[in-house]
Amino acid sequence: MELRVSRVALAFLVMGLTLFSSGCYFSKDSRKQRAFDSGQKFLAENRVKEAQIQFQRAAKLDPKFAMAQYMLGSTSTTLREYPKAFQALTAAVKLRPMYFNSNRDLAYLLLQSRKYKEAREYALAALKIKPGDSQAEEYLADSYAGVGDLETAAKGLEDLLEHDPGAVSAAMTLAMIKLQTKDPGGAQTVLENLAKDKP
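What counts and how
Residues numbered from 1 in each chain as written. Predicted model: local features only at pLDDT ≥ 70, side-chain atom pairs only at ≥ 80, totals over all residues. Heavy atoms only, no water. Helix = DSSP H or I, 4+ residues; strand = E, 2+ residues; numbered from the N terminus. Buried < 20%, exposed > 50% of the residue type's maximum accessible area, 1.4 Å probe, protein only. Contact = heavy atoms within 4.5 Å. Areas by Shrake-Rupley, 256 points an atom, 1.4 Å probe, with all protein chains shown as cover. Expected span 1.5 Å × (residues − 1). Arc of directions from axis to C-beta. Core = buried A, V, L, I, M, F, W, Y, C linked by side-chain atoms within 4.5 Å. Polar contact = N/O pair within 3.5 Å; in protein donor to acceptor, adjacent residues only side chain to side chain. Phe/Tyr/Trp six-rings, centres within 6.5 Å; stacked < 30°, edge-to-face > 60°. Lys NZ or Arg CZ within 6 Å of the ring centre and 35° of its normal.

A. Representation of the overall build of the protein. Scanning the protein for helices and strands turns up eleven helices and zero strands. Ordering the α and β elements of the protein from the N terminus gives α-α-α-α-α-α-α-α-α-α-α. For the protein, buried positions account for 39% of its 199 residues. Residue pairs in contact within the protein that sit at least 24 positions apart in sequence constitute 43% of those at least 6 positions apart. If you sum the accessible surface of the protein, you get close to 12100 Å²; carbon and sulfur atoms cover 58% of it.

Next up, the structure:
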């Protein structure tokens, strides 16, 4: 029995030494991937703060890890840690300019910061990647409304509601624009159409 236990112990020792000497378990790449996977697991459990910490760890281990930067930005936005979110999403867009979510989320973040012209740039980039996306179209319209171009904003929201009549936020924004431009009848029509679509 002792001989069998010592052989098992020896096998584990050899395996551990092999892993240690190869460095695969402790390499930067494996540590960043474990941190990222851990972040995904926490996120699936709706533990956003813990997920953010893991994504930050992965991004710190490899600043060029675009998905870690994006997930750090996304979780930071959820936690309303906007400076951290902005930094991470900006890095994600630089690393993968054609990634739709990074562009869309950065547009949203810039709208929250009232940086309307910059938000427009990223909303347009998102729409170039994924034409017709309702959220990106709404952010684009919001970017025009933010600088006082209500006519362009209203046109964009009307186009959006033609192909996505159930877009509640877009309909509410359009109704407010109609009221601002002294068109209460138009606002009422928008809200009636929304009510038809959302019984």
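This is not the end of the story, as more comes after the structure.
B. Expanded view of helix α9 (residues 150-163). For α9, spanning 14 residues, the distance from its first C-alpha to its last is 20 Å, which sits close to the expected 20 Å at 1.5 Å a residue. Where α9 is concerned, the buried positions are Leu150, Ala153, Ala154, Leu157, Leu160 and Leu161. Angularly, the buried residues of α9 cover 125 degrees about the axis, an arc narrow enough to put them on a single face. In α9, the exposed positions that point more than 90 degrees away from the buried face belong to Glu151 and Glu162. Elements in contact with the buried residues of α9: α8 (134-146) and α10 (168-180).

C. Molecular detail of the nonpolar core. Counting residues in each nonpolar core, the largest one holds 32 residues, and the members touching the most others are Phe36, Phe55, Ala58, Ala68, Tyr70, Leu106 and Tyr122. Only α2 (28-44), α3 (48-61), α4 (66-78), α5 (82-95), α6 (100-112), α7 (116-129) and α8 provide two or more residues apiece to this core. For Tyr122, the contacting residues outside a window of four places in its chain are Val93, Asn103, Leu106, Ala107 and Leu110. Core analysis: the next-biggest nonpolar cluster, separate from the first, contains 16 residues, Ala153, Ala154, Leu160 and Ala175 among them.

D. Spotlight on the environment of Asp164. Residue placement: Asp164 occurs in the loop between α9 and α10. Exposure remark for Asp164: the relative accessible area of 25% places this residue in the partly exposed category. Taking the C-alpha atoms as reference points, Asp164 and Ser134, separated by 30 residues in sequence, lie 7.1 Å from one another. Looking at Asp164, its side chain comes within polar contact range of the side chain of Ser134, at 2.8 Å.

E. Representation of α3 in the model. Between the first and last C-alpha of α3 there are 20 Å, a value that for 14 residues agrees with the 20 Å anticipated at 1.5 Å per step. By the burial criterion, the buried members of α3 are Val48, Ala51, Gln52, Gln54, Phe55, Ala58, Ala59 and Leu61. Each element contacted by the buried residues of α3 is listed here: α2, α4 and α5.

F. How the structure looks around the packing of aromatic side chains. Overall, the coordinates contain four aromatic pairs when judged by the stated rule. Centroid distance Phe36 to Phe65: 5.1 Å. Interplanar angle 40 degrees. Geometry classified as tilted. With Phe36 in helix α2 and Phe65 in the loop between α3 and α4, this residue pair connects regions lying 29 residues apart in the sequence. Taking 5.8 Å as the distance between ring centres and 40 degrees as the angle between the ring planes, the aromatic pair formed by Tyr108 and Tyr139 counts as tilted. In this pair, Tyr108 is assigned in helix α6 and Tyr139 in helix α8, connecting sequence segments 31 residues apart. Ring-pair connections join several aromatic residues into one group, and the members of that group are Phe36, Phe55 and Phe65. For the cation-ring pair, Lys32 lies above Phe65, with the distance from its terminal atom to the ring centre recorded as 4.9 Å. Here Lys115 stacks its cationic end above the ring of Phe86, 5.6 Å away from the centre of that ring.

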